[in-house]
Amino acid sequence: MNSNISTGSTIKLNEASLSRLPNNIRVPNYDRHQIINGIVHIGVGGFHRAHQALYLDNYLQQSRDREWGICGVGLLEFDRRMRDALHSQDCLYTLVERSTEGDSARVIGSITRYLFAPDNRACVIDVLADPHCRIVTLTITEAGYYYIEGSGEFDANHPTIQHDLQHPHEPIGVYGFLTAALDKRRQQGLQPFTVLSCDNLQGNGNIARKMLTAFAQMQNPELGKWMSDRVTFPNCMVDRITPATTAADLKMVAEQFQIDDAFPVVAEPFLQWVVEDNFCAGRPDLESVGVQMTDDVHPYEMMKIRLLNASHLLIGYLGTLAGYTYVHEVMADPAIRQAVDRLMAEVTPTLQPLPGIDLDDYKQTLIQRFANPKIQDRLPRLCLNSAAKMPKFILGSLRDALRQDGAIDYLSLTIAAWFRYLKGQDDRGNPIEIDDPMADILTQRARSSGSDPRPLLSLAEIFGDLSRSSRFVETVSKHLHNLDEFGAKGTLAR
């Protein structure tokens, strides 16, 4: 990302420059040097900075409790850019909320330290093992859990897992770091930390628990038992549309707010966090900043994953095939907008009742959020890592709809549109870049099988046994044939 920003009229963001920023920009009102990092967050990207870090910034602004700052950690080579940006700005960054009414900016200060693991793995383990660390939060994407979708088991043969089992003091993956730190705490007689997954997985805490304890068990059965007995893994549901930061965002922050920020983040106004209240080492008073604490996150997760995330996939594939670039452009197409409405209508009977939530109102809010033209949310972000997303966002609803003998037309259309998308060309013949760890096998099967979805549906690690349902296979086949013959718009017109 090359900003090409002239810094003549802008102020370089850092601690020393906060007092010089324009008056309409909210800045931390607390002494960041007094903050203790009770939270270590692994996977600092746009979403964490627009969501959990914002909640903690709000908490530090209004509370005298100074024990819940954040130390960010990047594990991947990809995180080098975040390291360079945050280190150059005392870990400060600009968050811009964009709505049709206008833009507002604030500087977030809750992340006070950032560690890039490839620079110093031992330092990351030490920070996680430090008694001050009481919660470890994760946004490592759906693919980061080494979870075999078809079986629900741990992917013990993954090269990262094998490396970390063989090199426990030089880990590269999240479970290697967490296990090394928890082992250190156990040997020192310290209590463990809570592991709080903030990724879009149904039962994200349950999955994190199962995968991490499976890893620890393989490394050291005694440690695995200690973790199983003592570490808590709350489930949580997170929601805020946060597109990837672009060069245009850097320019906007410079021109509208006079801030020279190497890595700002842009988000919609909507914000939600629902957390299971299950913390083994204490927690901040999150309720005071609008977090909903509950005994059962599951119905909220289902609502969000099956309505918002599933709709995102349909928008991503159909929109890309139809030649669009942004989500709001897709939502301005009446045929695709209607398809999104109908997908939500199909999914609704699979949801559990939620006291105090009007589902019709929630669905209407989603449509408005998708249509927000200020967010500039690009379709490739929605389509990224689809092999990991499809089982989590679509296939649960599909299985339930089949069990209930309910409608599966638009759920099947989403899958057919993905298969058509995997052929790597939109309806006008323009190339589509497939960004997915399974891209090789997916694109090869998509291109060689014509309008027959069965070679892709037979990938058990994604679809499990769904290919045994003749009703499902026939419905996907019909849609894939139409998409191949008539394109996305022609299929919807039919």
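The chain has the name Mannitol-1-phosphate 5-dehydrogenase in an unreviewed UniProt entry, where Scytonema millei VB511283 is given as its organism. Under the UniProt heading Sequence similarities (unreviewed entry), the note attached to the chain is "Belongs to the mannitol dehydrogenase family. UxuB subfamily." The heading Catalytic activity (unreviewed entry) in the UniProt record of the chain holds the text "D-mannitol 1-phosphate + NAD(+) = beta-D-fructose 6-phosphate + NADH + H(+)".

Draft legend 1. Molecular detail of the pairing of strand β5 (residues 102–108). In this sheet, β5 lies alongside strand β4 (residues 93–99) in antiparallel orientation, the contact comprising seven bridges. Along β5, the bridge assignment pairs T94 with V107. In sequence, β4 turns back onto β5 through a hairpin of two residues.

Draft legend 2. Representation of the packing of aromatic side chains in the model. Applying the stated rule across the entire model yields eight aromatic pairs. Their ring planes at 40 degrees and their centres at 6.4 Å tell us that W418 and F463 sit as a pair that is tilted. Residue W418 is located in helix α16 (residues 409–421), and its partner F463 is located in helix α19 (residues 460–463); the two are separated by 45 residues in the primary sequence. A relative accessible area of 1% places F463 in the buried class.

Draft legend 3. Representation of the pattern of salt bridges within the structure. This structure, assessed with the given rule, holds 32 salt bridges. Where salt bridges share partners, they join R420, K423, D427 and D484 into one cluster.

Draft legend 4. Fine view of the nonpolar core. One finds F370, I415, W418 and F419 to be the most contacted residues of the largest nonpolar core, which totals 72 residues. Ranked by the residues each element gives to this core, the list is headed by helix α10 (residues 298–321), at 13 residues. Counting only domains with at least three residues in this core, you end up with domain 1 (11–294) and domain 2 (298–493). If we ignore the near neighbours within four places in the chain, the residues touching F419 are A446, P453, L456, L457, F463, V476 and L480. Formed by 43 residues, the second largest nonpolar core is a distinct cluster that contains C133, I140, F177 and F215.

Draft legend 5. Spotlight on the domain arrangement of the chain. We note that the domain assignment places domain 1 (11–294) and domain 2 (298–493) within the chain. On a C-alpha basis, the centres of domain 1 and domain 2 stand 29 Å from each other. Listed per partner, the contact involves 32 residues of domain 1 and 30 residues of domain 2. Viewed at the interface, domain 2 and domain 1 are joined by three salt bridges. D103 is the partner of K374 in a salt bridge, and the nearest nitrogen-oxygen pair spans 3.0 Å.

Draft legend 6. Local environment of the environment of A388. Residue position: A388 is located in helix α15 (residues 386–403). Among the residues examined, A388 registers a relative accessible area of 17% and is labelled buried. Each C-alpha atom, one on A388 and one on E149, is 7.8 Å from the other, the two residues being 239 residues apart in sequence. Not counting the four nearest positions on each side in its chain, A388 is found in contact with E142 and A143.

Draft legend 7. Representation of the side chain of Q52 within the structure. As for its placement among the helices and strands, Q52 is situated in helix α2 (residues 52–62). Residue Q52 is classed as buried on the basis of its relative accessible area of 1%. A polar contact of 2.7 Å, which involves the side chain of Q52, links it to the side chain of H48.

Draft legend 8. Looking closely at the packing of helix α5 (residues 159–166) against helix α7 (residues 204–219). Contact pair α5 / α7: the axes reach a minimum separation of 10 Å and the direction vectors enclose 40 degrees. The angle between α5 and α7 falls in the class oblique. The handedness of the crossing between α5 and α7 is right-handed. In this structure, α5 contributes I161, D164 and L165 to the contact, and α7 contributes F215, M218 and Q219.

Draft legend 9. Molecular detail of α7. When the terminal C-alpha atoms of α7 are compared, their 23 Å separation across 16 residues agrees well with the 22 Å that a helix rising 1.5 Å per residue should span. If you check which residues of α7 are buried, you get N204, G205, I207, A208, M211, L212, T213, F215 and A216.

Draft legend 10. Representation of the packing of helix α6 (residues 174–187) against helix α8 (residues 221–230). At their nearest, the axes of α6 and α8 sit 11 Å apart, and the two run at 85 degrees to each other. With respect to each other, α6 and α8 are oriented roughly perpendicular. Across the interface between the two elements, T179, L182, D183 and R186 from α6 touch E222, L223, W226 and M227 from α8. Residue classes in the contact of α6 with α8 are distributed as four nonpolar, one polar and three charged.

Draft legend 11. A look at the environment of G69. Within the secondary structure, G69 is located in the loop between α2 and β3 (70–74). On the basis of relative accessible area, G69 is assigned to the buried category, the value being 0%. The sequence separation of G69 and R32 amounts to 37 residues, and the corresponding C-alpha distance is 8.5 Å. Once residues lying within four places of it in the same chain are set aside, the contact partners of G69 are I35, I36, N37, G38, I39, L60 and S110.

Draft legend 12. Quick peek at the UniProt feature "domain: Mannitol dehydrogenase C-terminal" (unreviewed entry) in the chain. In the numbering used here, UniProt assigns the "domain: Mannitol dehydrogenase C-terminal" (unreviewed entry) feature to residues 296–483. Across residues 296–483, the secondary structure splits into 65% helix and 0% strand, with the terminal C-alpha atoms separated by 40 Å.

Quick notes on the rules
The numbering scheme is per chain: residues are counted from 1 as the chain's sequence reads. Only residues with pLDDT of 70 or above have their local features reported here, since the model is predicted, and side-chain atom pairs are shown and tallied only from 80 upward, although totals for entire chains, interfaces and linings are computed over all residues. In computing side-chain values, all of the structure's heavy atoms are included and hydrogens and water are not. UniProt positions are given in the numbering used here, feature names are shortened, and annotations may be inferred rather than shown by experiment. Here, strands pair whenever DSSP counts at least two bridges between them. Strands are runs of DSSP state E lasting at least 2 residues, helices are runs of H or I lasting at least 4, and numbering of each runs from the N terminus. Only Phe, Tyr and Trp rings are paired, with Trp represented by its six-membered ring, and only when their centres lie within 6.5 Å; those with planes under 30 degrees apart are stacked, over 60 edge-to-face, the remainder tilted. Only protein chains enter the calculation, and the probe is 1.4 Å; a residue is then buried if its accessible area is under 20% of its type maximum, exposed if over 50%, and partly exposed in between. Salt bridge, as used here: a side-chain nitrogen of Lys or Arg that lies within 4 Å of a carboxyl oxygen of Asp or Glu. For the purposes of this section, nonpolar cores are sets of buried Ala, Val, Leu, Ile, Met, Phe, Trp, Tyr and Cys residues that join through side-chain atoms within 4.5 Å. All domain edges in this entry derive from an automatic or database-based domain assignment. What makes two residues a contact is simply this: any of their non-hydrogen atoms within 4.5 Å. Pairing of N or O atoms within 3.5 Å defines a polar contact, subject to two protein rules: one partner must be a possible hydrogen donor and the other a possible acceptor, and residues neighboring in sequence count only if both atoms are side-chain atoms. Here the axes come from fitting lines to C-alpha atoms, over the contacting stretch only for helices, and the angles between their N-to-C directions go from 0 to 180 degrees. Angle categories are assigned with fixed cut-offs, so that under 35 degrees is roughly parallel, over 145 is roughly antiparallel, 65 to 115 is roughly perpendicular, and the rest are oblique. Each crossing is labelled by how the near helix is turned from the far one, with a counterclockwise turn of less than a right angle marking it left-handed and a clockwise turn marking it right-handed. What a helix should span is 1.5 Å times the count of its residues minus one. As a working rule, the residues Ala, Val, Leu, Ile, Met, Phe, Trp, Tyr, Cys and Pro are called nonpolar, Asp, Glu, Lys and Arg charged, and the rest polar, with Gly in that last group.

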